[in-house]
Structure formats: structure tokens, C-alpha cells
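Listed below are the residues making up each chain.
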Amino acid sequence: MAPTEETGQAVQHPSAPGTPPPGPPAGEAAPPPGSRMPRWLPRAMLLALALIALFQLGSWAFHELTGLLINILIAFFLALAIEPAVSWMAARGVRRGLGTFLVFLGVLIATAGFVTLLGSMLAGQIIKIVEDFPQYLDSVINWVNTHFHTELRRVDIQEGLLRSDWLRTYVQNSATGVLDVSTQVLGGLFQLLTIMLFSFYFAADGPRLRRTICSVLPPARQAEVLRAWEIAVNKTGGYLYSRGLMALVSGMAHYVLLEILEVPYAPALAVWVGLVSQFIPTIGTYLAGALPMLIAFTVDPWYALWVLIFVVIYQQFENYVLQPKLTSRTVDIHPAVAFGSVVMGTALLGAVGALIAIPAVATLQAFLGAYVKRYDVTDDPRVHGHRGTGPGDGGPGSGERRTLVVRARHLWARRPGSARPRGGDTEDS
């Protein structure tokens, strides 16, 4: 290297081709191979940190929005349920918004009337039970004194209950829990309003929502989405239709029984049994039968037993006769699959999952049935649960065994000294 005339700094001239590059300056050790950080490592570390941060943010957001997402899911299935009624009115010149409003108004009026009637019935029966409680207590005390030779008195029992510590603790806890109950009631009303608002927009703007979803999909995917949407509407509407019919039949049957037993508020109890037993899966039947049994007990304790027997018998009739016929064209799924879907939905989303599990599984089954290729089943007896063991039972190898038996017979007939077959039988016969 030579110094320049102006700056006096050394200028590095390019080395001649084929000469090795100059080594490090004297006194400096050469860096060991691989000691320098790869250029991609800082960017990879930043990318990994960014992905972890995004995952944590998404997990936090999903956890915070779980309640809203569940409300939207309920609203979507509710919109699918009322879609046939809204489309029917829209086809006859009614605007979809007005049709949706009329459907919601009818449902709200029916629900409010039923809740009011049921509340008045329960209030009257609770007052009657409280007024007649001393008589029931006297009868129980007399029965205990007669059979166990005791000397119990109602006054002593009442004073013991009033002075007990658990009653005082229960009253204190109830007083402090009034605020919590009020908060839960207000939260439930807000949740109901949110569900109704979303379901109204889903049903009123159904065509626009479908166009918006299909606008971001290729034509082939658009057809599949529309087909899945149509299947979901049919299955959800069919599920509610079949449940409504079974609720009507159940209510009429229990109304006849309650009228025969002269149980008060028979119409309201019949509607209660029909709705609760059909729209609350698995345990709905037992919840529905508990209230008529309680009110029948106030009339005559034996009437409660008759109501219990009738509920059990009717449940068997519904499970094995009525339900298969009504659901065969709407939500035709196996009972074991229905029960498993209800259990799975309850484990995932609680009572909401139990309500929407059956229409969701029926929709998925119908959608997959259109794409799963099926073949004709062979006539093998093992398909019907029969195991073949004999030569003529159609089991595996039965044709070969039959041929061997026929050849053995012909060889036995052709042995020396045997009689010839009659009628000109030959080996090929």
C-alpha cells in the first residue's frame, strides 16, 4: 500500500488474481471458525418473540370474548330456527325486517304469557303449601309417635328450628346474597338482549350475510357454503318442528291425566311438562315431572305416585314409538349419537351446548352424507350377525367344501362292484 499525495492515507490496491487475501494485522489472532453470529439468528429470535406475543394476545382476547362468542353462536342457531318462517313471509311480500320482528313479537308474547301464568300458579301453590304445612307436620308427627312410641310435639319442633344455628346462618347468607342475585338477573337480561339483537340481524339480513361470505370465496366454495347453510336451516327448523309436535302431544297427554285427577292449574302444568321435557335434553323429563308431582301431592299424596308412574310410562312410549316416527324425516340420528352429542355439548358449552348439540350434529351428518361415497353391502351372513360353520351356510369356503362332497359321492359310486346310478346318472349330473 502507498500513501496518497493529498491525504497521506494508505490506499489498498486490489491483489493480483490467484494470490491469497491478506491475513489479519500482526499481533491479532484470527477468529475461530463459526464464532460470528449468523445473520438470520436475530431476525428468527424477533420473529419467535413476535409469534409468542401474538399467541398470548389471541389467547387473552379469546378468553375475554368467550361469553360474547357463545351469545353469537346461540343467536346464529336461533336465526336459523326462525329462517323458514321469515322466508315464508318474505315470499309473500312482507319485508324481512318486518317479518323477523313479527316472529320475535309472537315468541315474546307467548313466552311472557306462559311465564306469567306459571308464576301465578307457583305463587298460589306455594302459599297453599305454607298454609297447610302445620297439618302435614301434625300427620307426620302422629305417624312417628304411633309407630316408634315417641312423644314429639309440633311446638317443640318449631321452637327447635327457630332457635337453631343453621337457620340463623342461612338467613344471614340469604341477606348478603341478595345483591349477587340482583347482579345475576341484570346480567342475564343483558345477555338475553344481546342474543335477540344478533339473532334479529342474522335473520333479517340473511341474504346479505350470505352474499358477504360468498363474495370472498371462489365459485366452487360458494356452492358448498350455500349448501351447508341450507342444510343447517332445514335441520334446525326440523328439529324445532319435531320437538314442538312432541311437546304438543306430551302436553295433551299430561293434561288429560291431571284433569282426571282434578289437579289444579292443569293447562299450565301440561304446557310446562311439554316444553321442559322436550327442549331440555337428558334431564328435562325429570324436571318437568317434578312440578306436577309436587302440586298433585298437595291434593292427595297418592296422586303424586300416579303422576310419577304416568311420566315413566309415557317417556318409554315417546322414546320407542313417538320420537322415531317424528324425527325420521328431520333429525334422523342414532339415539347413541344424540346422547353422545348432548354430553359433549354440555361439557364444552354447558346448557347452551346441550341445546344446540343435536341440530349441529344432524347438520354435520347431513352435510358429510352428501360427500361420503357409499357402496352396496355384500350378502354375507356375517353382516347380519350370523357366523357360518356348516358346508351350506354361506360362510367362507362353503363352495369348496360342497364341491369336495359331490366328488366324493361320485368316486364312491364308481368304485368296483358298486351298483350303477339309476336313471342314467353320470358324473356330470
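Residues numbered from 1 in each chain as written. Predicted model: local features only at pLDDT ≥ 70, side-chain atom pairs only at ≥ 80, totals over all residues. Heavy atoms only, no water.

- The name an unreviewed UniProt entry assigns to the chain is AI-2E family transporter, from the organism Streptomyces hirsutus.
- The heading Subcellular location (unreviewed entry) in the UniProt record of the chain holds the text "Cell membrane".
- Its UniProt record gives the chain a comment under Sequence similarities (unreviewed entry), which states: "Belongs to the autoinducer-2 exporter (AI-2E) (TC 2.A.86) family." (UniProt positions renumbered as here; feature names shortened; annotations may be inferred.)

## Observations concerning the overall build of the chain
Okay, so step 1: Across its full length, the chain holds 14 helices and two strands.
Okay, so step 2: Counting only residues that meet the buried cut, the chain has 24% of its 429 residues in that class.
Okay, so step 3: For the chain, the proportion of contacts with a sequence separation of at least 24, taken over those separated by at least 6, is 57%.
Okay, so step 4: Accessible surface computed for the chain: about 31000 Å², of which carbon and sulfur atoms make up 67%. (Helix = DSSP H or I, 4+ residues; strand = E, 2+ residues; numbered from the N terminus. Buried < 20%, exposed > 50% of the residue type's maximum accessible area, 1.4 Å probe, protein only. Contact = heavy atoms within 4.5 Å. Areas by Shrake-Rupley, 256 points an atom, 1.4 Å probe, with all protein chains shown as cover.)

## Details of unusual backbone geometry
Okay, so step 1: Its identity as a non-glycine residue notwithstanding, Glu 262 has a phi of 60°, on the positive side.
Okay, so step 2: Among the structural elements, Glu 262 can be located in the loop between α8 (219–260) and α9 (266–279).
Okay, so step 3: Judged by its relative accessible area of 65%, Glu 262 falls in the exposed class.

## Some thoughts on the packing of aromatic side chains
Okay, so step 1: Throughout the structure, instances matching the rule amount to nine aromatic pairs.
Okay, so step 2: Here Phe 200 and Tyr 201 contribute two aromatic rings whose centre-to-centre distance is 5.9 Å and whose plane-to-plane angle is 75°, an arrangement assigned as edge-to-face.
Okay, so step 3: Judged by relative accessible area, Phe 200 falls into the partly exposed class, the value being 25%.
Okay, so step 4: Using a relative accessible area of 47% as the deciding quantity, one classes Tyr 201 as partly exposed.
Okay, so step 5: With a centroid separation of 6.0 Å and an interplanar angle of 45°, the aromatic rings of Tyr 314 and Phe 317 are classed as tilted. A residue pair is termed a helical-turn pair when its members lie 3 or 4 positions apart in one helix, as Tyr 314 and Phe 317 do in helix α11 (residues 301–327) at three residues.
Okay, so step 6: With relative accessibility at 9%, the residue Tyr 314 sits in the buried group.
Okay, so step 7: A connected cluster of aromatic rings, assembled from ring pairs, spans Phe 76, Phe 77, Phe 198, Phe 202 and Trp 229. (Phe/Tyr/Trp six-rings, centres within 6.5 Å; stacked < 30°, edge-to-face > 60°.)

## A word on the UniProt feature "transmembrane region" (unreviewed entry) in the chain
Okay, so step 1: Under the local residue numbering, the UniProt record ascribes the feature "transmembrane region" (unreviewed entry) to residues 44–62, 68–89, 101–127, 185–204, 240–257, 269–289, 301–317 and 337–364.
Okay, so step 2: Taken end to end, residues 68–89 is 100% helix and 0% strand, and its first and last C-alpha atoms sit 30 Å apart.
Okay, so step 3: End-to-end, the C-alpha atoms of residues 301–317 are 25 Å apart, and along that stretch the chain is 100% helix and 0% strand.

## Brief notes about the packing of α8 against α9
Okay, so step 1: With their axes 7 Å apart at the nearest point, α8 and α9 run at an angle of 145° to one another. For α8 against α9, the interelement crossing comes out right-handed. Together, Tyr 239, Leu 240, Arg 243, Gly 244, Met 246, Ala 247, Ser 250, Gly 251, His 254, Tyr 255, Leu 258 and Glu 259 of α8 and Ala 266, Pro 267, Leu 269, Ala 270, Val 273, Gly 274, Leu 275, Ser 277, Gln 278 and Phe 279 of α9 make up the contact between the two elements.
Okay, so step 2: Split by residue class, the contact of α8 with α9 holds 13 nonpolar, seven polar and two charged. (Axes fitted to C-alpha atoms, helices over the stretch in contact; angles between N-to-C directions. Left-handed = near helix turned anticlockwise from the far one by under 90°. Nonpolar A, V, L, I, M, F, W, Y, C, P; charged D, E, K, R; others polar.)

## What to know about the side chain of Thr 100
Okay, so step 1: You can see Thr 100 is positioned in helix α3 (residues 96–148).
Okay, so step 2: Residue class for Thr 100 comes out buried when judged on its relative accessible area of 0%.
Okay, so step 3: In this structure, Thr 100 is in contact with Ile 82, Val 86, Phe 200, Ala 203 and Ala 204, ignoring residues within four places of it in sequence.

## Section: α8
Okay, so step 1: For α8, spanning 42 residues, the distance from its first C-alpha to its last is 62 Å, which sits close to the expected 62 Å at 1.5 Å a residue.
Okay, so step 2: Downstream of α8 by one or two residues, Glu 262 has phi in the positive range, about 60°. (Expected span 1.5 Å × (residues − 1).)

## Notes on the pattern of salt bridges
Okay, so step 1: This structure, assessed with the given rule, holds three salt bridges.
Okay, so step 2: The salt bridge partner of Glu 83 is Arg 210, with a shortest N-O separation of 3.8 Å. You can see Glu 83 sitting in helix α2 (residues 66–91) and its partner Arg 210 sitting in helix α7 (residues 206–214), a full 127 residues away along the chain.
Okay, so step 3: Its salt-bridge partner being Arg 221, residue Glu 224 comes within 3.2 Å of it at the nearest N-O pair. With Glu 224 and Arg 221 both in helix α8 and three residues apart, this pair spans about one turn of that helix.
Okay, so step 4: A relative accessible area of 29% means that Glu 224 is categorised as partly exposed.
Okay, so step 5: Residue classification places Arg 221 among the partly exposed residues on the basis of a relative accessible area of 47%.
Okay, so step 6: A cluster of three or more residues bridged by salt bridges with shared partners is formed by Glu 83, Arg 96 and Arg 210. (Salt bridge = Lys/Arg side-chain N within 4 Å of Asp/Glu carboxyl O.)

## Observations concerning the environment of Val 337
Okay, so step 1: Position of Val 337 relative to the elements: it lies in helix α12 (residues 335–349).
Okay, so step 2: Spatially, the C-alpha atom of Val 337 lies 9.6 Å from that of Ala 362, the residues being 25 residues apart in sequence.

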